[in-house]
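Examining the three-dimensional arrangement
Here are the chains, one letter per residue:
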There are 2 protein chains.
Amino acid sequence: MSQELTDHLQTNIQLSEEDALRISARFKVLKVKKKFILLDEGASCHHIYFVSKGCLRLYFLKENGTEQTTSFALERWWLTDFTAFQNQNNSAYSIQAVENSEVLSIDYQGFENLLAEFPILERHFRIIHQRANAAAQTRIRVLYEYSREHLYHQFVLKYPGFVQRVPQYLLASFLGISPEYLSEIRKKTFS
Amino acid sequence: MSQELTDHLQTNIQLSEEDALRISARFKVLKVKKKFILLDEGASCHHIYFVSKGCLRLYFLKENGTEQTTSFALERWWLTDFTAFQNQNNSAYSIQAVENSEVLSIDYQGFENLLAEFPILERHFRIIHQRANAAAQTRIRVLYEYSREHLYHQFVLKYPGFVQRVPQYLLASFLGISPEYLSEIRKKTFS
DNA sequence: CGGATCGTTGATCAACTTCAACGGTCGTGG
DNA sequence: CCACGACCGTTGAAGTTGATCAACGATCCG
(Lines give C-alpha, C1' and ligand atoms only; values in the text may rest on other atoms or scores of the structure.)
Protein backbone atom coordinates (compact mmCIF):
# COMPACT_ATOMS: atom_id res chain seq x y z
CA MET A 1 0.00 0.00 0.00
CA SER A 2 1.72 3.13 -1.14
CA GLN A 3 0.58 6.62 -0.22
CA GLU A 4 2.33 7.96 -3.30
CA LEU A 5 0.33 5.77 -5.65
CA THR A 6 -3.07 6.40 -4.08
CA ASP A 7 -2.39 10.13 -4.10
CA HIS A 8 -1.22 9.96 -7.68
CA LEU A 9 -4.30 8.02 -8.82
CA GLN A 10 -6.58 10.67 -7.40
CA THR A 11 -4.97 13.59 -9.20
CA ASN A 12 -6.74 13.24 -12.55
CA ILE A 13 -9.94 11.44 -11.74
CA GLN A 14 -12.60 11.09 -9.06
CA LEU A 15 -11.73 7.92 -7.22
CA SER A 16 -12.93 6.80 -3.81
CA GLU A 17 -10.31 6.12 -1.17
CA GLU A 18 -11.49 2.50 -1.15
CA ASP A 19 -11.03 2.00 -4.87
CA ALA A 20 -7.66 3.70 -4.76
CA LEU A 21 -6.58 1.24 -2.09
CA ARG A 22 -8.05 -1.72 -3.96
CA ILE A 23 -6.14 -0.70 -7.09
CA SER A 24 -2.96 -0.02 -5.20
CA ALA A 25 -3.13 -3.53 -3.70
CA ARG A 26 -2.66 -5.02 -7.15
CA PHE A 27 0.89 -3.74 -7.33
CA LYS A 28 3.89 -5.51 -5.99
CA VAL A 29 6.13 -3.43 -3.71
CA LEU A 30 9.84 -3.64 -4.39
CA LYS A 31 12.39 -2.12 -2.08
CA VAL A 32 15.62 -1.99 -4.00
CA LYS A 33 19.11 -0.84 -3.20
CA LYS A 34 21.13 1.61 -5.24
CA LYS A 35 22.46 -0.06 -8.40
CA PHE A 36 19.92 -2.88 -8.28
CA ILE A 37 18.81 -3.88 -11.77
CA LEU A 38 15.05 -4.21 -12.14
CA LEU A 39 15.03 -5.02 -15.82
CA ASP A 40 17.88 -6.36 -17.89
CA GLU A 41 18.31 -5.52 -21.56
CA GLY A 42 17.26 -8.55 -23.57
CA ALA A 43 15.02 -9.97 -20.86
CA SER A 44 11.30 -10.13 -21.47
CA CYS A 45 9.60 -6.95 -20.33
CA HIS A 46 6.39 -7.83 -18.57
CA HIS A 47 6.16 -5.00 -16.05
CA ILE A 48 5.50 -1.34 -15.77
CA TYR A 49 7.05 0.46 -12.80
CA PHE A 50 5.88 3.31 -10.62
CA VAL A 51 8.51 5.06 -8.52
CA SER A 52 7.16 5.81 -5.05
CA LYS A 53 10.50 6.72 -3.50
CA GLY A 54 13.94 7.25 -4.96
CA CYS A 55 15.06 7.31 -8.56
CA LEU A 56 15.42 4.92 -11.49
CA ARG A 57 17.17 5.24 -14.80
CA LEU A 58 16.48 3.73 -18.20
CA TYR A 59 19.54 2.95 -20.31
CA PHE A 60 20.93 0.74 -23.04
CA LEU A 61 24.30 -0.46 -24.26
CA LYS A 62 25.76 1.35 -27.24
CA GLU A 63 27.82 -0.39 -29.89
CA ASN A 64 31.03 0.98 -28.38
CA GLY A 65 30.18 -0.71 -25.09
CA THR A 66 29.24 2.41 -23.10
CA GLU A 67 25.91 2.81 -21.33
CA GLN A 68 23.55 5.43 -22.68
CA THR A 69 21.01 6.72 -20.19
CA THR A 70 17.85 7.97 -21.89
CA SER A 71 15.72 8.84 -18.89
CA PHE A 72 15.55 9.22 -15.19
CA ALA A 73 12.31 8.55 -13.29
CA LEU A 74 11.74 10.32 -10.00
CA GLU A 75 8.94 9.99 -7.47
CA ARG A 76 5.52 9.53 -9.08
CA TRP A 77 6.82 8.71 -12.52
CA TRP A 78 5.91 5.64 -14.53
CA LEU A 79 8.70 3.85 -16.34
CA THR A 80 9.18 0.93 -18.66
CA ASP A 81 10.30 0.11 -22.18
CA PHE A 82 6.90 0.87 -23.64
CA THR A 83 7.56 -0.80 -26.96
CA ALA A 84 8.51 -4.06 -25.29
CA PHE A 85 5.75 -3.76 -22.71
CA GLN A 86 3.02 -3.28 -25.30
CA ASN A 87 4.23 -5.97 -27.63
CA GLN A 88 5.21 -8.33 -24.85
CA ASN A 89 8.65 -8.94 -26.21
CA ASN A 90 12.20 -8.47 -25.05
CA SER A 91 13.41 -5.20 -23.67
CA ALA A 92 15.87 -3.05 -25.57
CA TYR A 93 16.69 -1.23 -22.33
CA SER A 94 17.77 -1.92 -18.78
CA ILE A 95 16.32 -0.26 -15.72
CA GLN A 96 18.48 0.36 -12.66
CA ALA A 97 17.97 2.04 -9.30
CA VAL A 98 20.07 5.19 -9.03
CA GLU A 99 19.32 5.45 -5.29
CA ASN A 100 17.77 3.18 -2.72
CA SER A 101 14.21 3.19 -3.97
CA GLU A 102 10.71 1.93 -3.46
CA VAL A 103 9.09 0.82 -6.66
CA LEU A 104 5.64 -0.56 -7.43
CA SER A 105 5.29 -2.95 -10.30
CA ILE A 106 2.52 -4.65 -12.18
CA ASP A 107 2.70 -6.96 -15.15
CA TYR A 108 1.03 -6.51 -18.50
CA GLN A 109 -1.90 -8.81 -17.80
CA GLY A 110 -2.43 -7.33 -14.36
CA PHE A 111 -2.44 -3.86 -15.87
CA GLU A 112 -4.97 -4.83 -18.53
CA ASN A 113 -7.18 -6.47 -15.91
CA LEU A 114 -7.01 -3.36 -13.79
CA LEU A 115 -8.15 -1.20 -16.69
CA ALA A 116 -10.96 -3.60 -17.45
CA GLU A 117 -12.20 -3.60 -13.86
CA PHE A 118 -11.74 0.11 -13.27
CA PRO A 119 -12.44 1.71 -16.65
CA ILE A 120 -12.14 5.13 -15.07
CA LEU A 121 -8.40 4.46 -15.07
CA GLU A 122 -8.38 4.68 -18.85
CA ARG A 123 -8.91 8.40 -18.44
CA HIS A 124 -6.17 8.67 -15.84
CA PHE A 125 -3.62 6.97 -18.06
CA ARG A 126 -4.82 8.81 -21.14
CA ILE A 127 -3.92 12.03 -19.35
CA ILE A 128 -0.64 10.65 -17.99
CA HIS A 129 0.41 9.48 -21.45
CA GLN A 130 -0.72 12.66 -23.13
CA ARG A 131 1.45 14.63 -20.72
CA ALA A 132 4.35 12.26 -21.21
CA ASN A 133 3.95 12.90 -24.92
CA ALA A 134 4.12 16.62 -24.42
CA ALA A 135 7.27 16.11 -22.37
CA ALA A 136 8.79 13.89 -25.06
CA GLN A 137 8.05 16.52 -27.70
CA THR A 138 9.89 19.08 -25.63
CA ARG A 139 12.73 16.69 -24.94
CA ILE A 140 13.22 16.01 -28.64
CA ARG A 141 13.05 19.70 -29.35
CA VAL A 142 15.81 20.69 -26.97
CA LEU A 143 18.02 17.90 -28.30
CA TYR A 144 17.75 19.57 -31.70
CA GLU A 145 17.84 23.14 -30.50
CA TYR A 146 20.80 23.43 -28.19
CA SER A 147 24.47 22.54 -27.94
CA ARG A 148 25.40 19.96 -25.34
CA GLU A 149 26.99 22.67 -23.26
CA HIS A 150 23.81 24.73 -23.29
CA LEU A 151 21.83 21.58 -22.46
CA TYR A 152 23.90 21.09 -19.33
CA HIS A 153 23.36 24.66 -18.13
CA GLN A 154 19.64 24.42 -18.78
CA PHE A 155 19.44 21.16 -16.91
CA VAL A 156 21.22 22.55 -13.87
CA LEU A 157 18.92 25.57 -13.84
CA LYS A 158 15.79 23.45 -14.22
CA TYR A 159 16.67 20.68 -11.76
CA PRO A 160 19.16 22.20 -9.32
CA GLY A 161 18.44 19.64 -6.60
CA PHE A 162 18.64 16.67 -8.92
CA VAL A 163 22.17 17.35 -10.11
CA GLN A 164 23.35 16.64 -6.58
CA ARG A 165 21.52 13.31 -6.49
CA VAL A 166 23.27 11.62 -9.41
CA PRO A 167 26.95 11.00 -10.06
CA GLN A 168 28.44 13.14 -12.76
CA TYR A 169 29.05 10.34 -15.24
CA LEU A 170 25.35 9.48 -15.25
CA LEU A 171 24.44 13.07 -15.89
CA ALA A 172 26.94 13.12 -18.76
CA SER A 173 25.40 9.94 -20.14
CA PHE A 174 21.90 11.42 -19.95
CA LEU A 175 23.01 14.60 -21.69
CA GLY A 176 24.69 12.52 -24.37
CA ILE A 177 28.20 13.78 -23.79
CA SER A 178 31.46 12.23 -22.60
CA PRO A 179 32.34 12.62 -18.92
CA GLU A 180 35.54 14.37 -19.99
CA TYR A 181 33.67 17.02 -21.90
CA LEU A 182 31.24 17.59 -19.05
CA SER A 183 34.23 18.11 -16.82
CA GLU A 184 35.53 20.73 -19.23
CA ILE A 185 32.16 22.50 -19.32
CA ARG A 186 32.05 22.68 -15.54
CA LYS A 187 35.56 24.03 -15.42
CA LYS A 188 34.64 26.82 -17.82
CA THR A 189 31.56 27.63 -15.77
CA PHE A 190 33.36 28.26 -12.49
CA SER A 191 36.25 30.30 -13.84
CA MET B 1 -17.14 12.75 -42.73
CA SER B 2 -13.82 11.03 -43.18
CA GLN B 3 -13.46 7.35 -43.86
CA GLU B 4 -9.92 7.49 -42.44
CA LEU B 5 -11.12 8.78 -39.07
CA THR B 6 -14.02 6.38 -38.65
CA ASP B 7 -11.73 3.48 -39.56
CA HIS B 8 -9.09 4.74 -37.19
CA LEU B 9 -11.55 5.10 -34.30
CA GLN B 10 -12.62 1.51 -34.67
CA THR B 11 -9.14 0.03 -34.47
CA ASN B 12 -8.72 -0.01 -30.70
CA ILE B 13 -12.26 -0.12 -29.37
CA GLN B 14 -15.69 -1.50 -30.10
CA LEU B 15 -17.61 1.36 -31.62
CA SER B 16 -20.79 1.23 -33.66
CA GLU B 17 -20.72 2.68 -37.14
CA GLU B 18 -23.29 5.22 -35.98
CA ASP B 19 -21.22 6.46 -33.07
CA ALA B 20 -18.12 6.58 -35.23
CA LEU B 21 -20.01 8.82 -37.65
CA ARG B 22 -21.44 10.94 -34.88
CA ILE B 23 -17.95 11.47 -33.46
CA SER B 24 -16.43 12.11 -36.83
CA ALA B 25 -19.05 14.81 -37.45
CA ARG B 26 -17.60 16.89 -34.62
CA PHE B 27 -14.43 17.50 -36.56
CA LYS B 28 -13.92 20.29 -39.01
CA VAL B 29 -12.58 19.20 -42.40
CA LEU B 30 -9.76 21.30 -43.80
CA LYS B 31 -8.48 20.86 -47.33
CA VAL B 32 -5.16 22.59 -47.47
CA LYS B 33 -2.60 23.15 -50.18
CA LYS B 34 1.07 22.33 -49.94
CA LYS B 35 2.90 24.89 -47.78
CA PHE B 36 -0.29 26.08 -46.11
CA ILE B 37 0.32 26.94 -42.47
CA LEU B 38 -2.25 25.49 -40.09
CA LEU B 39 -0.68 26.73 -36.90
CA ASP B 40 1.75 29.59 -36.50
CA GLU B 41 4.43 29.64 -33.82
CA GLY B 42 3.32 32.03 -31.12
CA ALA B 43 -0.38 31.79 -31.97
CA SER B 44 -2.71 30.22 -29.44
CA CYS B 45 -2.95 26.48 -29.96
CA HIS B 46 -6.55 25.41 -29.55
CA HIS B 47 -6.70 22.48 -31.95
CA ILE B 48 -5.54 18.96 -32.39
CA TYR B 49 -5.18 17.70 -35.94
CA PHE B 50 -5.78 14.35 -37.57
CA VAL B 51 -4.25 13.78 -40.98
CA SER B 52 -6.69 11.97 -43.24
CA LYS B 53 -4.77 12.54 -46.47
CA GLY B 54 -1.34 13.95 -47.18
CA CYS B 55 1.39 15.00 -44.80
CA LEU B 56 2.05 17.69 -42.21
CA ARG B 57 5.21 18.77 -40.46
CA LEU B 58 5.82 20.26 -37.03
CA TYR B 59 8.69 22.73 -36.80
CA PHE B 60 10.05 25.73 -34.96
CA LEU B 61 12.47 28.57 -35.57
CA LYS B 62 15.95 28.17 -34.15
CA GLU B 63 17.96 31.06 -32.79
CA ASN B 64 20.05 31.20 -35.96
CA GLY B 65 16.87 31.74 -37.99
CA THR B 66 16.64 28.30 -39.62
CA GLU B 67 13.58 26.08 -39.36
CA GLN B 68 13.92 22.89 -37.35
CA THR B 69 11.45 20.17 -38.26
CA THR B 70 10.78 17.84 -35.34
CA SER B 71 8.12 15.59 -36.83
CA PHE B 72 6.18 14.61 -39.86
CA ALA B 73 2.63 13.33 -39.60
CA LEU B 74 1.33 11.02 -42.28
CA GLU B 75 -2.13 9.56 -42.84
CA ARG B 76 -3.87 8.58 -39.60
CA TRP B 77 -1.52 10.44 -37.30
CA TRP B 78 -2.56 12.95 -34.69
CA LEU B 79 -0.51 16.11 -34.42
CA THR B 80 -0.34 19.23 -32.30
CA ASP B 81 1.92 21.02 -29.86
CA PHE B 82 0.71 18.94 -26.93
CA THR B 83 2.16 21.22 -24.29
CA ALA B 84 0.34 24.22 -25.68
CA PHE B 85 -2.83 22.23 -26.40
CA GLN B 86 -3.07 20.91 -22.84
CA ASN B 87 -2.29 24.16 -21.15
CA GLN B 88 -4.24 26.24 -23.63
CA ASN B 89 -1.42 28.64 -24.25
CA ASN B 90 0.64 29.77 -27.19
CA SER B 91 2.31 27.32 -29.49
CA ALA B 92 6.06 26.95 -29.55
CA TYR B 93 5.78 25.27 -32.97
CA SER B 94 4.30 25.84 -36.37
CA ILE B 95 2.46 23.23 -38.41
CA GLN B 96 2.61 23.27 -42.17
CA ALA B 97 1.26 21.07 -44.96
CA VAL B 98 4.10 19.31 -46.79
CA GLU B 99 1.71 18.14 -49.52
CA ASN B 100 -1.86 18.97 -50.47
CA SER B 101 -3.65 17.43 -47.54
CA GLU B 102 -6.96 16.75 -45.89
CA VAL B 103 -6.90 17.43 -42.20
CA LEU B 104 -9.54 17.07 -39.50
CA SER B 105 -9.40 19.41 -36.56
CA ILE B 106 -11.12 19.83 -33.27
CA ASP B 107 -10.53 22.37 -30.55
CA TYR B 108 -9.68 21.70 -26.93
CA GLN B 109 -13.18 22.15 -25.60
CA GLY B 110 -14.69 20.09 -28.40
CA PHE B 111 -12.21 17.33 -27.66
CA GLU B 112 -13.01 17.36 -23.94
CA ASN B 113 -16.74 17.30 -24.69
CA LEU B 114 -16.26 14.37 -27.01
CA LEU B 115 -14.43 12.41 -24.33
CA ALA B 116 -17.15 13.23 -21.81
CA GLU B 117 -19.91 12.09 -24.14
CA PHE B 118 -18.14 9.02 -25.44
CA PRO B 119 -16.03 7.82 -22.48
CA ILE B 120 -15.02 4.77 -24.48
CA LEU B 121 -12.75 7.15 -26.38
CA GLU B 122 -10.60 7.56 -23.28
CA ARG B 123 -9.39 4.03 -23.92
CA HIS B 124 -8.77 4.71 -27.57
CA PHE B 125 -6.64 7.74 -26.84
CA ARG B 126 -4.92 6.05 -23.92
CA ILE B 127 -3.71 3.44 -26.38
CA ILE B 128 -2.83 6.01 -29.05
CA HIS B 129 -0.82 8.06 -26.58
CA GLN B 130 0.84 5.01 -25.07
CA ARG B 131 1.99 4.00 -28.54
CA ALA B 132 3.13 7.51 -29.32
CA ASN B 133 5.15 7.34 -26.13
CA ALA B 134 6.79 4.11 -27.20
CA ALA B 135 7.62 5.77 -30.51
CA ALA B 136 9.05 8.83 -28.75
CA GLN B 137 11.23 6.61 -26.57
CA THR B 138 12.63 4.97 -29.68
CA ARG B 139 13.06 8.30 -31.40
CA ILE B 140 15.06 9.68 -28.49
CA ARG B 141 17.10 6.52 -28.37
CA VAL B 142 18.22 6.65 -31.97
CA LEU B 143 19.11 10.32 -31.63
CA TYR B 144 21.55 9.29 -28.92
CA GLU B 145 22.70 6.06 -30.49
CA TYR B 146 23.66 6.89 -34.04
CA SER B 147 25.67 9.41 -36.05
CA ARG B 148 23.68 11.70 -38.33
CA GLU B 149 24.96 9.79 -41.32
CA HIS B 150 23.77 6.48 -39.90
CA LEU B 151 20.45 8.12 -39.05
CA TYR B 152 19.97 9.05 -42.69
CA HIS B 153 20.69 5.55 -43.93
CA GLN B 154 18.33 4.04 -41.37
CA PHE B 155 15.61 6.47 -42.33
CA VAL B 156 15.90 5.66 -46.01
CA LEU B 157 15.74 1.94 -45.25
CA LYS B 158 12.76 2.31 -42.96
CA TYR B 159 10.71 4.76 -45.01
CA PRO B 160 11.87 4.28 -48.60
CA GLY B 161 8.67 5.70 -50.08
CA PHE B 162 8.60 8.71 -47.83
CA VAL B 163 12.03 10.02 -48.84
CA GLN B 164 10.60 10.64 -52.31
CA ARG B 165 7.67 12.61 -50.89
CA VAL B 166 9.62 15.38 -49.16
CA PRO B 167 12.24 17.79 -50.50
CA GLN B 168 15.75 17.07 -49.39
CA TYR B 169 16.14 20.16 -47.23
CA LEU B 170 13.16 19.13 -45.11
CA LEU B 171 14.62 15.68 -44.63
CA ALA B 172 17.90 17.29 -43.58
CA SER B 173 16.03 19.50 -41.14
CA PHE B 174 14.21 16.50 -39.65
CA LEU B 175 17.46 14.57 -39.28
CA GLY B 176 19.02 17.61 -37.64
CA ILE B 177 21.77 18.13 -40.20
CA SER B 178 22.63 20.84 -42.68
CA PRO B 179 21.49 20.37 -46.30
CA GLU B 180 25.15 20.57 -47.33
CA TYR B 181 26.12 17.68 -45.13
CA LEU B 182 23.20 15.57 -46.32
CA SER B 183 24.35 16.22 -49.84
CA GLU B 184 27.81 14.97 -48.91
CA ILE B 185 26.37 11.83 -47.31
CA ARG B 186 24.38 11.03 -50.43
CA LYS B 187 27.42 11.53 -52.60
CA LYS B 188 29.41 9.06 -50.51
CA THR B 189 26.57 6.54 -50.71
CA PHE B 190 26.41 6.37 -54.49
CA SER B 191 30.13 6.20 -55.16
C1' DC C 1 12.11 33.19 -70.81
C1' DG C 2 13.47 34.85 -66.17
C1' DG C 3 13.70 34.67 -61.25
C1' DA C 4 13.62 32.18 -57.23
C1' DT C 5 14.46 28.13 -54.96
C1' DC C 6 17.06 23.77 -54.38
C1' DG C 7 21.02 20.82 -54.44
C1' DT C 8 26.11 20.45 -54.77
C1' DT C 9 31.07 21.44 -53.97
C1' DG C 10 35.08 22.78 -51.52
C1' DA C 11 37.44 25.39 -47.76
C1' DT C 12 37.60 26.71 -43.18
C1' DC C 13 35.97 26.34 -38.46
C1' DA C 14 33.62 24.84 -34.05
C1' DA C 15 31.85 21.21 -31.11
C1' DC C 16 32.71 17.27 -29.13
C1' DT C 17 35.22 12.48 -28.79
C1' DT C 18 38.85 9.45 -27.77
C1' DC C 19 42.83 8.03 -25.41
C1' DA C 20 46.16 8.01 -21.85
C1' DA C 21 47.58 9.45 -17.58
C1' DC C 22 47.04 11.11 -12.82
C1' DG C 23 45.00 12.42 -8.13
C1' DG C 24 41.21 12.05 -5.01
C1' DT C 25 37.75 9.54 -2.62
C1' DC C 26 34.95 5.92 -1.12
C1' DG C 27 33.90 1.53 0.70
C1' DT C 28 35.42 -2.94 2.06
C1' DG C 29 38.21 -6.58 4.25
C1' DG C 30 41.74 -7.42 7.33
C1' DC D 1 40.64 1.88 12.18
C1' DC D 2 43.72 1.59 8.58
C1' DA D 3 45.19 0.17 3.95
C1' DC D 4 44.28 -1.15 -0.37
C1' DG D 5 41.90 -1.33 -4.61
C1' DA D 6 38.32 0.21 -7.47
C1' DC D 7 35.99 3.80 -9.17
C1' DC D 8 35.35 8.74 -10.27
C1' DG D 9 36.56 13.26 -11.88
C1' DT D 10 40.08 16.05 -14.25
C1' DT D 11 43.63 17.42 -17.71
C1' DG D 12 45.71 17.82 -22.14
C1' DA D 13 46.72 16.27 -27.02
C1' DA D 14 45.10 14.63 -31.20
C1' DG D 15 41.32 13.20 -34.01
C1' DT D 16 36.20 13.18 -35.96
C1' DT D 17 31.98 14.79 -36.98
C1' DG D 18 29.31 18.02 -38.75
C1' DA D 19 28.42 23.43 -39.34
C1' DT D 20 29.15 27.55 -41.85
C1' DC D 21 30.09 30.37 -45.79
C1' DA D 22 30.40 31.42 -50.52
C1' DA D 23 29.89 30.21 -55.08
C1' DC D 24 27.89 27.76 -58.86
C1' DG D 25 24.61 24.73 -61.61
C1' DA D 26 20.14 22.73 -61.99
C1' DT D 27 15.33 22.84 -61.80
C1' DC D 28 10.89 24.38 -61.15
C1' DC D 29 7.20 27.53 -61.87
C1' DG D 30 4.94 31.64 -63.27
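To be clear, the structure that these remarks concern was listed above.
To keep things clear, this report deals only with the structure shown in the data block. All residue numbers refer to positions counted from 1 along the written sequence of the respective chain. Going through the entries in the order they are written, you letter the chains from A and number the ligands from 1. Restriction of local features to residues with pLDDT of at least 70 applies here, the model being predicted, together with a cutoff of 80 or more for giving and counting side-chain atom pairs; totals for whole chains, interfaces and linings are based on all residues. By convention in this description, side-chain values take in all heavy atoms of the structure and omit both hydrogens and water.

1. Observations regarding the side chain of T69 of chain A
All names here are of chain A.
- Following the sequence through the fold, T69 ends up in strand β5 (residues 67-73).
- As used in this structure description, the phrase polar contact means that two N or O atoms lie within 3.5 Å; if the pair is within protein, one of them must be able to donate a hydrogen and the other to accept it, and residues adjacent in sequence are counted only when both atoms belong to side chains. At 2.9 Å, the side chain of T69 and the side chain of R57 are in polar contact.
- If we skip the residues at most four places from it in the chain, T69 touches R57, L58, Y59, L170, S173 and F174. Secondary structure is summarised from DSSP: a helix means a run of H or I of at least four residues, a strand means a run of E of at least two, and numbering begins at the N terminus for each. In what follows, residue pairs with any heavy atoms lying within 4.5 Å of each other are defined as contacts.

2. Structural notes on the sheet that holds strand β7 (residues 94-97) of chain B
Residues and elements named next belong to chain B.
- Strands sit in the order β2-β7-β4-β5 across an open sheet of four strands; the sheet is antiparallel. Taken across any chain shown, the strands that pair with only one partner, and hence form the sheet edges, are β2 (37-39) and β5 (67-73). Adjacent strand axes in the sheet meet at a mean angle of 30 degrees when their direction is disregarded.
- The pairing of β2 with β7 spans two bridges and is antiparallel. Residue I37 lies in a different strand from β7, and its bridge partner there is Q96.
- Here an angle of 0 to 180 degrees is reported between the N-to-C directions of two axes, which are lines fitted to C-alpha atoms, with helices fitted over the stretch in contact. Sheet contacts for helix α8 (residues 168-175): β4 (56-61) and β5; angle to β5, the most-contacted strand, approximately 95 degrees. The pairing criterion for strands is at least two bridges between them, as found by DSSP.

3. Some points on the environment of R165 of chain B
Residues and elements named next belong to chain B.
- Along the chain, the position of R165 falls in helix α7 (residues 160-165).
- Note on exposure labels: buried denotes an accessible area under 20% of the residue type's maximum, exposed denotes more than 50%, and partly exposed covers the range between, all computed with a 1.4 Å probe on protein chains only. A residue is classified by how much of its surface remains accessible, and R165, at 31% relative accessible area, is partly exposed.
- On a C-alpha basis, the gap between R165 and V98 in space is 8.6 Å, while along the polypeptide they are 67 residues apart.
- Sequence-distant contacts of R165, that is, excluding residues within four places in its chain, are made with G54, C55, L74, E75 and E99.

4. Here's the deal with the protein's contact with DNA strand D
- Surveying the vicinity of DNA strand D reveals 15 residues, the closest of which are Q168, S183 and K187 of chain A together with R148 and Y181 of chain B.
- The cutoff for a nearby residue is simple: one of its non-hydrogen atoms must lie within 4 Å of the molecule or strand. In DNA strand D, atoms within 4 Å of the protein come 76% from sugar and phosphate.
- A distance of 2.8 Å separates a phosphate oxygen of DNA strand D from a polar atom in the backbone of R148 of chain B.
- In the model, a phosphate oxygen of DNA strand D is placed 3.4 Å from a nitrogen or oxygen of the G176 of chain B main chain.
- Among the secondary structure elements, those contributing two or more residues to the surface near DNA strand D are α8 (168-175) and α9 (179-190) of chain A together with α9 (179-190) of chain B.
- Considering every element that reaches the surface near DNA strand D, the biggest residue donor is α9 of chain A, with three residues.
- Each residue is assigned to one class: nonpolar for Ala, Val, Leu, Ile, Met, Phe, Trp, Tyr, Cys and Pro, charged for Asp, Glu, Lys and Arg, and polar for all the others, Gly among them. For the surface near DNA strand D, a count of residues per class yields four nonpolar, six polar and five charged.

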